Amino acid sequence: MLLCNMDNQDYQKLLQYLKNLTLQGEDYEKWATQFREYNNYIYREERRVVPAYEIKWIMSMFHDDPTQAYQNTDVIYYHISRRYL
(Lines give C-alpha, C1' and ligand atoms only; values in the text may rest on other atoms or scores of the structure.)
Protein backbone atom coordinates (compact mmCIF):
# COMPACT_ATOMS: atom_id res chain seq x y z
CA MET A 1 0.00 0.00 0.00
CA LEU A 2 1.09 3.51 -0.67
CA LEU A 3 -0.83 6.51 0.54
CA CYS A 4 -0.20 8.66 -2.45
CA ASN A 5 2.29 11.43 -1.84
CA MET A 6 0.55 13.54 -4.46
CA ASP A 7 0.09 17.15 -3.43
CA ASN A 8 -3.25 18.87 -3.87
CA GLN A 9 -2.31 20.55 -7.13
CA ASP A 10 -1.06 17.32 -8.78
CA TYR A 11 -4.10 15.39 -7.52
CA GLN A 12 -6.49 18.00 -8.92
CA LYS A 13 -4.63 18.09 -12.24
CA LEU A 14 -4.89 14.31 -12.58
CA LEU A 15 -8.55 14.34 -11.55
CA GLN A 16 -9.37 17.00 -14.15
CA TYR A 17 -7.44 15.09 -16.80
CA LEU A 18 -9.32 11.87 -16.04
CA LYS A 19 -12.66 13.66 -16.15
CA ASN A 20 -12.03 15.61 -19.35
CA LEU A 21 -9.10 13.83 -21.04
CA THR A 22 -7.45 17.08 -22.04
CA LEU A 23 -4.12 17.02 -23.83
CA GLN A 24 -1.24 16.91 -21.36
CA GLY A 25 1.62 15.37 -23.28
CA GLU A 26 2.39 11.80 -24.22
CA ASP A 27 4.35 10.87 -21.07
CA TYR A 28 1.67 12.24 -18.74
CA GLU A 29 -1.12 10.55 -20.67
CA LYS A 30 0.72 7.22 -20.62
CA TRP A 31 1.32 7.54 -16.85
CA ALA A 32 -2.33 8.50 -16.23
CA THR A 33 -3.67 5.32 -17.86
CA GLN A 34 -3.12 3.44 -14.58
CA PHE A 35 -5.79 5.58 -12.89
CA ARG A 36 -9.52 6.06 -13.30
CA GLU A 37 -12.01 8.59 -11.96
CA TYR A 38 -15.16 7.52 -10.16
CA ASN A 39 -17.48 9.81 -8.17
CA ASN A 40 -14.92 12.60 -8.20
CA TYR A 41 -12.17 10.39 -6.69
CA ILE A 42 -9.14 8.81 -8.31
CA TYR A 43 -8.72 5.04 -8.20
CA ARG A 44 -5.91 2.71 -9.14
CA GLU A 45 -7.34 -0.75 -9.62
CA GLU A 46 -9.92 -1.10 -6.82
CA ARG A 47 -8.30 1.20 -4.26
CA ARG A 48 -8.77 4.92 -3.92
CA VAL A 49 -5.73 7.14 -4.33
CA VAL A 50 -5.42 9.41 -1.33
CA PRO A 51 -4.02 12.92 -1.79
CA ALA A 52 -1.48 14.16 0.73
CA TYR A 53 -3.96 16.42 2.54
CA GLU A 54 -6.15 13.43 3.54
CA ILE A 55 -3.42 11.16 4.91
CA LYS A 56 -3.38 12.54 8.47
CA TRP A 57 -7.19 12.33 8.69
CA ILE A 58 -7.25 8.70 7.50
CA MET A 59 -4.49 7.64 9.86
CA SER A 60 -6.22 9.24 12.84
CA MET A 61 -9.54 7.69 11.84
CA PHE A 62 -8.04 4.20 11.96
CA HIS A 63 -5.82 4.87 14.97
CA ASP A 64 -8.55 6.46 17.11
CA ASP A 65 -11.21 3.86 16.30
CA PRO A 66 -12.29 2.32 19.65
CA THR A 67 -12.74 -1.10 18.06
CA GLN A 68 -9.07 -1.11 17.13
CA ALA A 69 -7.70 0.06 20.44
CA TYR A 70 -4.09 -0.79 21.16
CA GLN A 71 -3.36 -2.13 17.70
CA ASN A 72 0.25 -1.93 16.63
CA THR A 73 1.47 -0.05 13.58
CA ASP A 74 1.51 -3.08 11.30
CA VAL A 75 -2.15 -3.87 12.00
CA ILE A 76 -3.24 -0.27 11.37
CA TYR A 77 -1.15 -0.22 8.19
CA TYR A 78 -2.79 -3.46 7.03
CA HIS A 79 -6.31 -2.11 7.52
CA ILE A 80 -5.54 1.16 5.76
CA SER A 81 -3.84 -0.63 2.86
CA ARG A 82 -6.92 -2.75 2.21
CA ARG A 83 -8.91 0.39 1.33
CA TYR A 84 -6.52 3.01 0.05
CA LEU A 85 -3.54 3.32 -2.24
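Draft legend 1. Geometry of the sheet that holds strand β3 (residues 47–48). One open sheet holds the 3 strands; their spatial order is β1-β2-β3, and the pairing between them is antiparallel. The sheet is open, and its two edges are formed by β1 (36–38) and β3, each paired on a single side. Across the sheet, helix α1 (residues 8–20) is in contact with β1, β2 (41–44) and β3; its angle to β2 comes to roughly 85 degrees.

Draft legend 2. Looking closely at the side chain of Glu54. Within the secondary structure, Glu54 sits in helix α3 (residues 52–63). Taking the relative accessible area as the measure of exposure, Glu54 reaches 13% and is therefore buried. One polar contact links Glu54 to Arg48, side chain to side chain, over a distance of 2.9 Å.

Draft legend 3. Examining the pattern of salt bridges more closely. Under the criterion given, the structure shown has 2 salt bridges. Here Glu46 ties to Arg36 by a salt bridge, and the two come within 3.9 Å at their closest N and O atoms. With a gap of 10 residues between them, Glu46 in the loop between β2 and β3 and Arg36 in strand β1 connect regions that are remote in the sequence. For Glu46, a relative accessible area of 68% gives the class exposed. Judged by relative accessible area, Arg36 falls into the partly exposed class, the value being 34%. Between Arg48 and Glu54 there is a salt bridge; the shortest N-O distance is 2.9 Å.

Analysis parameters
Residues numbered from 1 in each chain as written. Predicted model: local features only at pLDDT ≥ 70, side-chain atom pairs only at ≥ 80, totals over all residues. Heavy atoms only, no water. Pairing = 2+ DSSP bridges. Helix = DSSP H or I, 4+ residues; strand = E, 2+ residues; numbered from the N terminus. Contact = heavy atoms within 4.5 Å. Axes fitted to C-alpha atoms, helices over the stretch in contact; angles between N-to-C directions. Buried < 20%, exposed > 50% of the residue type's maximum accessible area, 1.4 Å probe, protein only. Polar contact = N/O pair within 3.5 Å; in protein donor to acceptor, adjacent residues only side chain to side chain. Salt bridge = Lys/Arg side-chain N within 4 Å of Asp/Glu carboxyl O.

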